[in-house]
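Now for the letters of each chain:
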Amino acid sequence: MSSSEATEAASRNRALWTRLNAKFADANARAQWAREEIGWGLWSIPESDVRVLPELEGLDVVELGCGTAYVSSWLARRGARPVALDVTPAQLDTARRMQAQTGIEFALVEADAVATGLPDASFDLAISEYGASIWCDPELWIREAARLLRSRGTLLFLCDSTLLTLCGADDDHVQERLVRPQFGMYRFEDAEGGGVEFHLAHGEWIRILRDNGFVVEQLIEVQAPEDAATHEIYDYVTPEWGRRWPAEEIWKARKWS
Ligand SMILES: C[S@@+](CC[C@H](N)C(=O)[O-])C[C@H]1O[C@@H](n2cnc3c(N)ncnc32)[C@H](O)[C@@H]1O
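Just so it is clear, the structure is predicted and the values come from calculations on it, not from any experiment.

Caption draft 1: Representation of the sheet that holds strand S7 (residues 149-160) within the structure. Pairing in this open sheet of 7 strands is mixed, and the strands run S5-S4-S3-S6-S7-S11-S10 from one edge to the other. Of all the strands in the sheet, just strand S5 (107-110) and strand S10 (214-222) have a single pairing partner and so form its edges. Across the sheet, the mean angle from the axis of one strand to that of its neighbour is 15°, orientation sign disregarded. Bridge count between strand S3 (residues 60-64) and strand S4 (residues 81-86): 5 bridges; the pairing is parallel. Opposite Val62, over in S4, you have Val83 as the bridge partner.

Here's what the structure looks like:
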């Protein structure tokens, strides 16, 4: 994808997230910022079960596509120094309101995750939970994450699983059958919402990570817990589906050089 296409994707996604922010962001952010335990994805699987984060004390962290920045708030409370970055001012405004309400402070930066303008080799951990990991071109944001990380730094991101994308119908409700071809999947246009998303097969993720100097350490295929309920906002997949197949996946990779 060219840089003008990336800019076009960013401005479409900014428009979408400005609208979505007005609909639900503050209420959702308030609940997430208040969580005692870190919870991953749609079903808030506790970090104590997943155990994917490194020791956080003193780490310089960049969150790419932070939205309302609750992930950064969790990391800041555990001694990390996050810089939370997003392309949508309305989302950062929500994050600022949460900072004022909670007293948890860290840097909030308005920028495109594919070209952040932040200095080379300035972070130990780059993280994205449904941020750049699905809204930015992987060839571009993974390259940017590699530039931002120090040698041996960790890249951690959560995204829709490949299988969920293959079973996702145009009305957005996930089926119990494959409804899309896997070969060729990359960029997805959301005709209704106007946004642009990116979803890859595993082989493509590994190729892009390796091309940018990363070694994959873990791929966690997230299973919905027994007591999971349908998500209040993101109801495109049922807990029944998520108990049988992975709806989400967490990638952990290390910058090798
Ligand atoms: C689902 S939200 C972020 C998830 C976050 N964990 C949350 O729910 O608040 C997706 C975010 O990605 C941001 N985003 C989309 N394209 C982006 C880009 N090119 N650069 C940075 N952020 C981007 C949107 O503005 C939105 O805030």
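Caption draft 2: Broad picture of the pattern of salt bridges. According to the stated counting rule, one finds 17 salt bridges in the structure shown. Of the charged contacts in the structure, one is a salt bridge between Arg187 and Glu8, with a shortest N-O distance of 3.3 Å. Here Arg187, found in strand S8 (residues 187-189), pairs with Glu8, found in helix H1 (residues 3-33); they are 179 residues apart in sequence, far enough to count as distant. With a relative accessible area of 32%, Glu8 lands in the partly exposed category. As a salt-bridge pair, Glu204 and Arg207 come within 3.0 Å of each other at their nearest N and O atoms. Placement of both Glu204 and Arg207 in helix H8 (residues 202-211) is noted, with a separation of 3 residues, approximately one turn of the helix.

Caption draft 3: How the structure looks around the environment of Ala145. By the secondary structure assignment, Ala145 is in helix H6 (residues 138-148). Residue class for Ala145 comes out buried when judged on its relative accessible area of 0%. Separated by 93 residues in sequence, Ala145 and Thr238 have C-alpha atoms that sit 32 Å apart. Those residues in contact with Ala145, other than ones at most four positions away along the chain, are Leu64, Ala126, Leu155 and Phe214.

The rules behind the values
- Residues numbered from 1 in each chain as written.
- Predicted model: local features only at pLDDT ≥ 70, side-chain atom pairs only at ≥ 80, totals over all residues.
- Heavy atoms only, no water.
- Pairing = 2+ DSSP bridges.
- Helix = DSSP H or I, 4+ residues; strand = E, 2+ residues; numbered from the N terminus.
- Axes fitted to C-alpha atoms, helices over the stretch in contact; angles between N-to-C directions.
- Salt bridge = Lys/Arg side-chain N within 4 Å of Asp/Glu carboxyl O.
- Buried < 20%, exposed > 50% of the residue type's maximum accessible area, 1.4 Å probe, protein only.
- Contact = heavy atoms within 4.5 Å.

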